[in-house]
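Each chain, written out:
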Amino acid sequence: MSNHQAWLSLIAFIRQHYGAPEGLVPLHAPCFDEVEKRLVVDCIDSTFVSSVGQYVTEFEQQIADYTGAKHAVAVVNGTMGLYLALKVIGLQPNELVLTQSLTFVATPNAIKMHQADPVFIDVERETLGLCPESLNRFLSEQTQQQNGQCVHRQTGRVIRACMPMHTLGFPARIEQILDICNQYNIALVEDAAESLGSFYQGKHTGRFGKLGVFSFNGNKVITTGGGGMLITDDDELARHAKHLSTTAKIPHAWLFEHDEPAYNLRMPNLNAALGVAQMQKLPEFLAEKRRLAQAYQQQPGLVVQTEMPQTQANYWLNALICQDQTERDALLEFGNSQAIQMRPLWTPMHQLAIYADCLRTELPHTEWLAARVVNLPSGVVCHG
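What counts and what doesn't
- Residues numbered from 1 in each chain as written.
- Predicted model: local features only at pLDDT ≥ 70, side-chain atom pairs only at ≥ 80, totals over all residues.
- Heavy atoms only, no water.
- Phe/Tyr/Trp six-rings, centres within 6.5 Å; stacked < 30°, edge-to-face > 60°.
- Helix = DSSP H or I, 4+ residues; strand = E, 2+ residues; numbered from the N terminus.
- Buried < 20%, exposed > 50% of the residue type's maximum accessible area, 1.4 Å probe, protein only.
- Lys NZ or Arg CZ within 6 Å of the ring centre and 35° of its normal.
- 1 Å grid on protein atoms, 1.4 Å probe; cavity = no way out; pocket = protein on both sides within 12 Å on 5 of 7 lines; lining within 4 Å.
- Points joined across faces, edges and corners; volume = space filled by probe spheres on them.
- Nonpolar A, V, L, I, M, F, W, Y, C, P; charged D, E, K, R; others polar.
- Salt bridge = Lys/Arg side-chain N within 4 Å of Asp/Glu carboxyl O.

Undergrad: Can you lay out the packing of aromatic side chains for me, pointing to particular residues and giving the numbers?
TA: Counted under the stated rule, the structure contains eight aromatic pairs. Summarising the aromatic geometry, the rings of Phe59 and Phe216 are spaced 5.1 Å apart at their centres and angled 55 degrees between planes, so their arrangement reads as tilted. A residue pair is termed long-range when its members are at least 10 positions apart, and Phe59 in helix H3 (residues 54–67) and Phe216 in the loop between strand E10 (211–215) and strand E11 (228–232) qualify at 157 residues. Taken as a pair, Phe59 and Phe216 share a single burial class, namely buried. The ring of Phe208 has Lys203 sitting right over it, with the charged end atom 4.8 Å from the ring centre. One Lys or Arg, Lys249, reaches over the ring of Phe256 and ends 5.3 Å from the middle of that ring.

Now the structure itself:
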């Protein structure tokens, strides 16, 4: 089958799946019905629409229960969740955080907010996530231990944390990454922004490191419009994260006293009402996304990313892998010309001028994937 025939078949399948014989098929639209409307109206009627209200607490408990985490802390978005996670594990200015170049810009941005810098480690093709072998090679060749800390030998800068991402909802080899981090005295913080509903060996992503962070942006598996969530099993990290997210206000019926410089990062109750409604539908959403992924994988003439053994991906976005960048660009042009919204992966961070000078390993898999992957429409069909 020629490329053109395979692409025509793909377009026809997508339109049939979404019941859209014409018009735009978005990459990943949210799905709402009367449940969301009812809870949002209830929140409005309560007048508690900002950062205080029952829905914030309920949404946190739902996420904690679903993931198996001991604590969940709701924040305004995933980026600030990553920032806050790095804050509570003690990241200082001029320190380094190991992460991947194949990620959304929020990941290194959260690091730079601390006046720290990312170090870009290669990913692997099988998982799309940070490569344990690349990580271990960098640490063994370029770092040393000093006073219980991992120090970059050439610059003398402390490597405080490692922040891998579960790319497109496919779990990275997170247990191996954790073992390496423990060996080198580095804190593991998981960028699980895209992976609610993804599991590694039966354990939810975000629960392997000291903290994990989810995003509930409008294009995620479930959405609160904007919002994020930290999860952790550490009592003190959870307490400090929540304290910092609520301006470090000392609890009191009427006095305004604060005991450290902090932030206003608490998720509004209005957004959390959406989240509570969406969590009721999460199992249904995940089942439908899995059926769609399996259907994509059966399309003739196409290579589509699949989950690794002993993992369960949420298939947030389905990734079609082209032969080369020329084919990728041609498919993007063709699909979008047919009003089927397709997108490439993000431009790798080391190829952006703002991060071009950061330390990095060799990044062959990062560049290989970035030149070939096309994300296909992956949202659920909304019947509301």
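Having seen the structure, we can now continue with the description.
Undergrad: If you had to explain empty space enclosed by the protein to someone new, which residues and values would you point to?
TA: Under the definition given, this model contains two cavities of 30 Å³ or more. Space inside the largest cavity adds up to approximately 60 Å³. In terms of lining residues, the largest cavity is bounded by 13 residues, among which His28, Ala29, Lys220, Val221 and Val380 are the most central. Put simply, the second largest cavity is a space of about 50 Å³. Lining the second largest cavity are Ala193, Glu194, Ser195, Leu196, Phe214, Ser215, Phe216, Lys220, Val221 and Ile222. When its residues are assigned to classes, the lining of the second largest cavity shows six nonpolar, two polar and two charged.

Undergrad: Which residues make up the pattern of salt bridges, and what are the values?
TA: Taken as a whole and assessed by the stated rule, the structure comprises 14 salt bridges. In this structure, the salt-bridge partner of Arg173 is Glu133, at a minimum N-O distance of 2.5 Å. Highlighted residues: Arg173 in the loop between strand E6 (159–163) and helix H7 (174–183) and Glu133 in helix H6 (residues 132–142), separated in sequence by 40 residues. For Glu133, a relative accessible area of 40% gives the class partly exposed.

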